[in-house]
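So the chains spell out like this:
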Amino acid sequence: MTRIERATGMKQKSRALVALLSLGCLASIAGAQNEPPAAAPDEPAVAERKGPVLEVGWGDWNLRGSDTFFRRYGGPARGFFIKDFSHLLTNDAASYRASWDVRGLPQDDHWMNGTVVLNYGRTVLQGWSTKSEFTDSSPFTMPVSEQKAVEVLAKQRLTHDAAVTLRYSMEQKDRYLEAPRPERHQRTRYLDLNAQGAVAGGQGGVGYTDFRYWDRTDKRPDTQVQRWTAHYDRNLTPTIDAGGSYAHSRITQTGSPNSTVESYALGAGWQMSDRTDLSFAFKHDKIEVPVVRNSYVRERITAGGRLVHRLGAWTANVGYTHREAERVRADRSFVDVPIWDKTDVRLTGKLGEGLRMTIRGTYEHLRGRPVMVMADTRSTYWDDNRTFQAKVDKTADRFGAYGSVTYRAQRNTLRDVNIKTTAFNLGGTFDASSSLSFFGEVSSEKTDATGEGVQNRNFDAFFPSSRVVALGASYGFKPEFSLTATYTQIGTDNVNPMFERGGNYKGRFLTLGLVHRTKQGNEFGVLFAPWHYEDKTDASVNYAASVIALTGKVKF
Amino acid sequence: MRLETVVLGVGLVSLVLGATAQKAVPDQPKGIAAALFAKASEDDYVGAETCAGCHAEHVAEFKNSGHAAYSNDPRAPLSKRGCEGCHGPGKFHLDEEHPENVAFTKLSAKESNAACMRCHAETMSQSQWHRTSHQQANLACVSCHQIHTNTPADEKLAKAKIASVSSPLVVAKPATKKLLKADEVTLCSSCHQAESAQFRLNSHHPLPEGRVTCSDCHATHPTNKARKTVDIVKEKCASCHAEHTGPFVFEHDPVAGLTGDGCAECHRSHGSHNPKLLKSFSRGLCASCHTEKTTTHYPGRTCWSAGCHVALHGSNSDSRFLKP
């Protein structure tokens, strides 16, 4: 059977199901006419949840074009699926509770959770299992990649204020990538044991973490990271608090000498008055990585202070961070000490009733540029990093609006590179009535970049501009019916001198949903999503999908 | 490292002063809640049955809350049991001495948080919360958490869903966490709209598809780890991208995570209009640091996908990252 025949067959099945469910829908409407009036749409008559909830559905993609690009982050369900099967069990005294939640089965993509709480909450056991299928964003037919994870958490309260927690997770990732990149088959295991709680008038804790990475292709060494931690924090006086933490990590790799990282951190806060807070933070890392043969950082410190002052409806937040590293050169000839000084300021307050404004800015400057052990020894580090953001949001009874402008600038004076990016984000919601709401958002980003070595010093060919428009509406056109519509459009403007994939594209994604809810809390839903993606330089990744999903939800 | 010595000295002096302070106080919260509980005697606690006389609806829905088990524990002190464990002694309320008792929605964020922190020392202390940016933005625990019911409030937030970046097409996504007012994506993006909008971009972390969520990378509570963060040499990204973590025999400086912004030197963590979450397109990314390679060095396609520098994150065999 060809792909087109399969698609046609799916379409016929879709049509048959749509017809059947439309009939069901009409029957529901007819039945609803004889029922007493339901609650207003903004106060849905939801029955008290006592028994399990089961929501099942059927979906199809009706996909034309690139399967791999459509599924690059995962795909909607295709065929029969359980949207949600959940239940909460508890007794009158609430001395125990148990719950489960299953989503996605019997599809390949699924998420499951089970929780048991015993002994009045003193013992908690939780487990998760997830599986996701996706594909590398390639124009070629690729095997499906998958990621599976199992996670377990056990928590035991020792007293009302202290607990021991054990977390274990095992993740399996099998990825198939477009040539020349080789496929990856790897496992990561994470084991974390923590004890923390109220100790000697403060809060303290100790922890042990064991993180393991196995590469089943034997291209990378297996790695184990063991980490021991301890922290303690307490109020020294009613207005002064201080705390500290220590961590020791040992990294073991097959066929390499062990690496270690030793860190400690101190922090303190002083509530100078009801309106003014002052805090300090300091962190030191000592890094031994004998496996590394080129440049590496063997020591780094981060220290800073922050002053927060409130005046009426306004809050000013000023911080300074000093960061320095001892960087061993690749040829071991010298140790550079690059130092970053960063100042950040944030001012937040009310301009009027429901109208808030935030202005923030950061400036980071590099001193002590390192020398690169390359043909060109000039530093590749940014000398200056500047950001500025102004944000306004307004909330009122029937509408909310927000807008922000963000500016970022990076400069490397030695290499004469300047990158300046300006981004806008404007959006809002509007309730036209109690049953009709709208949403809209526009985002855009533009970068101006210049640098040596490029024709006319113009880097713009590699820094495309982009825009995103998102619209939404929600309409409860009858007490028991609600319709939602969302639309997103993305696109870029890019010179793209090499005509590369992913540089000039346009995407339009419309999603329509209709839900019918009965007085008993049961639901019936239809979802239709015509999605289009077009790459102007590589048509092999284009796709058009008309995803349809039908769902029914029952509360027992 | 002179600064280090000074700061370390100040820190040690603070700790010594703290340890020897005659009036060192336990890590107890301040505010109206602490004041009410401090002056209450056992007789001032009237029990949840009395509360149900007027607040039957709240008492009934609280039974399904995640808090119910803890507050019904007969071994817990009266001051941490039932409705009064959070709202204060009922007798004060009945006597109209403090008619509102601890009414969380009417308290300042600071006082409201202090009331919650009476019981959550196993998660963090008030002083740790005090130094977080959420606290500095004057947020209260109840800004994100709902206490009474276990049914996600996102049913009430249906209108907000049309603004959410979460894809309605994807089924296998995590359920709303207990005690949160809505699913994380909807909840976090109600304040962080600009960050949320980045997930609409063509290349993004699979948050709309439900494969990751905000708290996988961001730890909102200071002593609670983000679920997918492994805070080792290279912070944040190692848990999911361990293959790029190393340490490698030949490290790529920005990826080493010890200088600069680490992974964020080349990638934008939320989303980007460039493939692979990159900050700039094609070889422009490499050329913004390695300016000498811009036009003179193999003017072909992207440095890594042209088949040359295939091990850009670090290599164990080649100093120019030509092979893994």
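These notes cover the structure that comes with them. From a predicted model like this one, the values you see are computed outputs, not experimental measurements.

Parameters at a glance
- Residues numbered from 1 in each chain as written.
- Chains lettered and ligands numbered in written order.
- Predicted model: local features only at pLDDT ≥ 70, side-chain atom pairs only at ≥ 80, totals over all residues.
- Heavy atoms only, no water.
- Helix = DSSP H or I, 4+ residues; strand = E, 2+ residues; numbered from the N terminus.
- Buried < 20%, exposed > 50% of the residue type's maximum accessible area, 1.4 Å probe, protein only.
- Areas by Shrake-Rupley, 256 points an atom, 1.4 Å probe, with all protein chains shown as cover.
- Pairing = 2+ DSSP bridges.
- 1 Å grid on protein atoms, 1.4 Å probe; cavity = no way out; pocket = protein on both sides within 12 Å on 5 of 7 lines; lining within 4 Å.
- Points joined across faces, edges and corners; volume = space filled by probe spheres on them.
- Nonpolar A, V, L, I, M, F, W, Y, C, P; charged D, E, K, R; others polar.
- Contact = heavy atoms within 4.5 Å.
- Buried area = accessible area lost by both parts, 1.4 Å probe.
- Salt bridge = Lys/Arg side-chain N within 4 Å of Asp/Glu carboxyl O.
- Polar contact = N/O pair within 3.5 Å; in protein donor to acceptor, adjacent residues only side chain to side chain.
- Patch = residues over 30% accessible without salt bridge, like charges linked within 9 Å, V, L, I, M, F, W, Y side chains within 5 Å.
- Arc of directions from axis to C-beta.
- Phe/Tyr/Trp six-rings, centres within 6.5 Å; stacked < 30°, edge-to-face > 60°.
- Lys NZ or Arg CZ within 6 Å of the ring centre and 35° of its normal.
- Disulfide = S-S within 2.5 Å.

## Side note on the overall build of chain A
- In terms of helices and strands, chain A carries two helices and 28 strands.
- With 556 residues in all, chain A has 48% of them scored as buried.
- Here chain A displays about 25,700 Å² of accessible surface, and carbon together with sulfur accounts for 59% of that area.

## Here's the deal with the pairing of strand S11 (residues 223-237) of chain A
Residue and element names in this part refer to chain A.
- In this sheet, S11 lies alongside strand S10 (residues 202-215) in antiparallel orientation, the contact comprising twelve bridges. Paired with Gly207 across the bridge in S11 is Thr229.
- Direction of pairing for S11 relative to strand S12 (residues 240-253): antiparallel, over a ladder of 14 bridges. Of the residues in S12, the one forming a bridge with Val225 is Ile251.
- Taking the residues that link successive antiparallel strands as the turn, the S11-S12 hairpin has two residues.

## What about the layout of surface pockets?
All names here are of chain B.
- Roughly 930 Å³ of volume is contained in the second largest pocket.
- Taken together, 35 residues line the second largest pocket, and the ones lying closest to its centre are His58, His87, Val102, Phe104 and His148.
- Only helix H3 (48-52), helix H4 (56-62), helix H6 (84-87) and helix H7 (90-94) provide two or more residues apiece to the lining of the second largest pocket.
- For the lining of the second largest pocket, the per-class residue count stands at 14 nonpolar, 15 polar and six charged.

## A look at the interface of chain A and chain B
- In this complex, chain A contributes 175 residues to the contact, which on the side of chain B involves 128 residues.
- Area buried by chain A at its contact with chain B is led by Tyr73, Tyr120 and His160 of chain A, which between them contribute 6% of it.
- Taken together, chain A and chain B are joined by nine salt bridges.
- One salt bridge connects Glu243 of chain B with Arg184 of chain A, and the closest N-O pair in it is separated by 3.2 Å.
- Along the contact surface separating chain A from chain B lie 37 residue pairs in polar contact (both at pLDDT 80 or more).
- The residue makeup of the side of chain A that touches chain B, split by class, is 66 nonpolar, 59 polar and 50 charged.

## Focus on a nonpolar patch on the surface
- Residues Leu89, Tyr96, Trp100, Val116, Leu118 and Leu125 of chain A make up a contiguous nonpolar surface patch of about 470 Å² in total accessible area.
- By the element assignment, Trp100 of chain A lies in strand S4 (residues 97-103).

## Regarding helix H2 (residues 32-39) of chain B
Residue and element names in this part refer to chain B.
- Of all the positions in H2, only Ala33, Leu36 and Phe37 are classed as buried. Considered in projection along H2, the buried side chains sweep an arc of 95 degrees and stay on one side of the axis.
- Packed against the buried residues of H2 are H6, H7 and helix H8 (109-116).

## Considering the side chain of Asn294 of chain A
- Mapped onto the elements, Asn294 of chain A comes out in the loop between strand S14 (276-288) and strand S15 (296-311).
- Judged by its relative accessible area of 12%, Asn294 of chain A falls in the buried class.
- Here Glu251 of chain B takes part through its backbone oxygen, which lies 2.7 Å from a polar atom of the side chain of Asn294 of chain A.
- With near-sequence residues (within four places) excluded, Asn294 of chain A lies in contact with Ala330 and Arg332 of chain A together with Val249, Phe250 and Glu251 of chain B.

## Topic: H8 of chain B
- Across the eight residues that make up H8 of chain B, a large majority, six, are buried.
- Looking at the buried positions of H8 of chain B, the neighbouring elements they touch are H2, helix H9 (126-130) and helix H11 (141-144) of chain B.

## Considering the environment of Ser279 of chain A
Residues and elements named next belong to chain A.
- Structurally, the position occupied by Ser279 is in strand S14.
- Its relative accessible area of 15% is what places Ser279 among the buried residues.
- Along the sequence, Ser279 and Val308 sit 29 residues apart, while their C-alpha atoms lie 8.6 Å from each other.

## Looking at the environment of Leu510 of chain A
Residues and elements named next belong to chain A.
- Positionally, Leu510 belongs in strand S26 (residues 505-517).
- C-alpha separation for the pair Leu510 and Thr486, spaced 24 residues apart in sequence, amounts to 5.8 Å.
- When near neighbours in sequence (up to four residues on either side) are disregarded, Leu510 contacts Thr486, Tyr487, Phe528, Ala529, Pro530 and Trp531.

## Some words on unusual backbone geometry
- Here Leu105 of chain A and Pro106 of chain A are connected by a cis peptide whose omega angle stands at 0 degrees.
- As for its placement among the helices and strands, Pro106 of chain A is situated in the loop between S4 and strand S5 (110-118).
- Along the chain, Gly246 of chain B connects to Pro247 of chain B via a cis peptide bond; the corresponding omega equals 5 degrees.
- Examined against the element boundaries, Pro247 of chain B turns out to sit in the loop between helix H15 (214-217) and strand S2 (250-251).
- The backbone phi angle of Ala200 of chain A is positive, close to 45 degrees, even though this residue is not glycine.
- Considering the arrangement of structural elements, one finds Ala200 of chain A in the loop between strand S9 (184-199) and S10.
- You will see that Lys276 of chain B, though not glycine, has its phi angle at about 60 degrees, which is positive.
- Classification of Lys276 of chain B as partly exposed rests on a relative accessible area of 35%.

## Focus on the packing of aromatic side chains
- Scanning the entire structure with this criterion turns up 15 aromatic pairs over all chains.
- Residues Tyr208 of chain A and Trp228 of chain A carry aromatic rings whose centres are separated by 5.5 Å and whose planes lie at 45 degrees to one another, so their mutual orientation is tilted. One end of the pair, Tyr208 of chain A, is in strand S10; the other, Trp228 of chain A, is in strand S11, with 20 residues separating them in the sequence.
- Ring plane angle 40 degrees and centroid distance 5.9 Å describe the contact between Tyr475 of chain A and Phe477 of chain A, whose orientation is recorded as tilted.
- What makes Phe477 of chain A partly exposed here is its relative accessible area of 36%.
- Linked through ring pairs, Trp61, Phe69, Phe70, Tyr505, Tyr533 and Tyr543 of chain A together constitute an aromatic cluster.
- One Lys or Arg, Arg72 of chain A, reaches over the ring of Tyr533 of chain A and ends 5.6 Å from the middle of that ring.
- Positioned above the aromatic ring of Phe37 of chain B, the side-chain terminus of Arg118 of chain B is 3.5 Å from the ring centre.

## Topic: the state of the cysteines
- Counted according to the given criterion, the structure contains zero disulfides over all chains.
- Cysteine Cys214 of chain B remains unbridged, with the sulfur of Cys188 of chain B as its closest cysteine sulfur at 3.8 Å.

## Quick word on the side chain of Glu178 of chain A
Residues and elements named next belong to chain A.
- Along the chain, Glu178 turns up in the loop between strand S8 (162-175) and S9.
- You can call Glu178 buried: its relative accessible area is 14%.
- Reaching out from Glu178, the side chain makes a polar contact with the side chain of Ser138 at a distance of 3.3 Å.
- Not counting the four nearest positions on each side in its chain, Glu178 is found in contact with Asp136, Ser137, Ser138, Pro139, Phe140, Met142 and Arg501.

## Structural notes on the pattern of salt bridges
Residue and element names in this part refer to chain A.
- Evaluation of the coordinates by the stated rule reveals 45 salt bridges over all chains.
- Between Glu146 and Lys148 there is a salt bridge, with the nearest N and O atoms lying 3.7 Å from each other.
- Residue class for Lys148 comes out partly exposed when judged on its relative accessible area of 32%.
- The partner of Asp383 in a salt bridge is Arg369, with the nearest N and O atoms 2.7 Å apart. Placement of the pair is Asp383 in the loop between strand S19 (355-367) and strand S20 (384-395) and Arg369 in the loop between S19 and S20, with a sequence separation of 14 residues.
- On the basis of relative accessible area, Asp383 is assigned to the buried category, the value being 3%.

## Some thoughts on the pairing of S19 of chain A
Residues and elements named next belong to chain A.
- Direction of pairing for strand S18 (residues 339-352) relative to S19: antiparallel, over a ladder of 13 bridges. Within the sheet, the bridge partner assigned to Gly349 lies in S19 and is Met357.
- What sits between the antiparallel neighbours S18 and S19 is a turn of two residues, in which Gly354 has the positive phi angle 75 degrees.
- Bridge count for S19 against S20 is eleven bridges, and the pairing is antiparallel. Pairing of Thr362 across the sheet is with Thr387, part of S20.

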